[in-house]
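# Working through the structure, step by step
One letter stands for each residue in the lines below.
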Amino acid sequence: MKKIAIFASGTGSNARKIIEYFADREDVSVSLVVSNKAKAGVLDMAKEWDIDRMVINRALFYETEDMVAHLKQWEIDLIVLAGFLWLIPSYLVTSYAGRILNIHPALLPAYGGKGMYGMHVHRAVKAAGERESGMTIHLVNEHYDEGDIIFQARCPIAPEDEAEDIAKKVLALEHRHFASTIDQFLRQE
Ligand code: GRF
């Protein structure tokens with residue numbers, strides 16, 4: 001049994017898709033949802049699914065290495081960042097080397113890095129007059145959005161598309177591909 005921990009800061013629509021995708025599987029389970037926001041919608045959703053939840057604060061995450069012990073306690077094999085906005089500290093990158101995936105709402109290496117999240121990304125893509133955008137699933141290292149790319153999917157941008165329209169198209173791609181990419185990644189291990 002491979003066990004996944006999803007880290008998320010927001011509503012968790014990707015987290016929901018991943019949980020639904022693996023719900024009936026006996027070889028993979030989403031065992032834990034971690035959030036840095038006590039009121040994040042993702043925690044309510046995890047509760048509905050009866051999945052264990054953990055709220056973290058900066059002191060625990062950055063000033064101790066206790067997170068490793070917590071994740072070991074749940075026997076977590078893979079960490080999936082689904083809209084998690086904090087940088088992963090190096091002790092965690094080292095402990096889970098090659099076993100942390102992130103999703104980014106643009107075609108990395110373009111439109112990545114610190115401050116490039118959510119609508120900031122889509123506004124930048126729109127401002128640059130891009131004809132396409134997409135999403136990237138990549139391994140996580142100590143730098144924002146820089147690890148090896150595992151999978152990308154693209155969508156066209158029409159001239160009349162606003163940043164909000166681009167966001168919708170990209171989110172649809174994320175929902176379509178994130179869980180199956182995780183599944184394939186786990187099979188390759
Ligand atoms: C997604 O666009 C993801 O790429 C980004 O944060 C967003 C999360 O959305 N990193 P949701 O919380 O899964 O709805």
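The structure under discussion appears in the preceding block.
## Side note on the side chain of Asp 183
Along the chain, the position of Asp 183 falls in helix H7 (residues 163-188). Leaving out residues up to four positions away in the same chain, Asp 183 has contacts with Tyr 21, Phe 22 and Arg 25.

## Some thoughts on the packing of helix H1 (residues 13-22) against helix H2 (residues 41-48)
Between H1 and H2, the shortest axis-to-axis distance is 9 Å and the interhelical angle comes to 20°. On the basis of the axis angle, H1 is roughly parallel to H2. In the packing of H1 onto H2, the handedness of the crossing is right-handed. When H1 is examined against H2, the residues Ala 15, Arg 16 and Ile 19 are found in contact with a partner set consisting of Val 42, Met 45 and Glu 48. The residue inventory of the contact of H1 with H2, partitioned by class, reads four nonpolar, no polar and two charged.

## Quick look at helix H4 (residues 66-73)
Burial in H4 covers these residues: Met 67, Val 68 and Leu 71. The buried side chains of H4 occupy one side of the element, clustering within an arc of 105° when seen end-on. H4 presents Ala 69 and Gln 73 as exposed residues on the side facing more than 90 degrees away from its buried surface. Residues of H4 that are buried in the fold lie against strand E1 (2-7), strand E2 (28-35), strand E3 (52-55), helix H3 (58-63), strand E4 (78-81) and helix H5 (90-95). After H4 finishes, the residue Glu 75 shows a positive phi value of roughly 55°.

## Remarks on the site of the ligand
The local shell around the ligand consists of Thr 11, Gly 12, Ser 13, Asn 14, Gly 83, Ile 103, His 104, Pro 105 and Glu 174. At 2.5 Å, a side-chain N or O of Ser 13 approaches an oxygen atom of the ligand. For the ligand, whose unbound accessible area comes to 370 Å², protein coverage reaches 81%. Elements represented by at least two residues in the shell around the ligand include exactly H1 and strand E5 (100-104).

## Regarding helix H6 (residues 118-127)
Here H6 has its buried residues at Val 121, His 122 and Val 125. All buried residues of H6 lie within an arc of 90° about the axis, which places them on one face of the element. If you follow the buried residues of H6, they end up packed against E5, strand E6 (132-139) and H7.

## Notes on the sheet that holds E5
The seven strands are arranged E3-E2-E1-E4-E5-E6-E7 in an open sheet whose pairing can be described as mixed. Of all the strands in the sheet, the pair left with one neighbour each is E3 and strand E7 (149-156). Strand-to-strand twist across the sheet, computed as the mean angle between neighbouring axes with direction ignored, equals 20°. Inspection of the sheet shows E5 paired to E6 by four bridges, in the antiparallel sense. Note on E6: the bridge partner recorded for Ile 103 is Ile 137.

Cut-offs and rules
Residues numbered from 1 in each chain as written. Predicted model: local features only at pLDDT ≥ 70, side-chain atom pairs only at ≥ 80, totals over all residues. Heavy atoms only, no water. Helix = DSSP H or I, 4+ residues; strand = E, 2+ residues; numbered from the N terminus. Contact = heavy atoms within 4.5 Å. Axes fitted to C-alpha atoms, helices over the stretch in contact; angles between N-to-C directions. Parallel < 35°, antiparallel > 145°, perpendicular 65-115°, else oblique. Left-handed = near helix turned anticlockwise from the far one by under 90°. Nonpolar A, V, L, I, M, F, W, Y, C, P; charged D, E, K, R; others polar. Buried < 20%, exposed > 50% of the residue type's maximum accessible area, 1.4 Å probe, protein only. Arc of directions from axis to C-beta. Near = heavy atom within 4 Å. Polar contact = N/O pair within 3.5 Å; in protein donor to acceptor, adjacent residues only side chain to side chain. Areas by Shrake-Rupley, 256 points an atom, 1.4 Å probe, with all protein chains shown as cover. Pairing = 2+ DSSP bridges.

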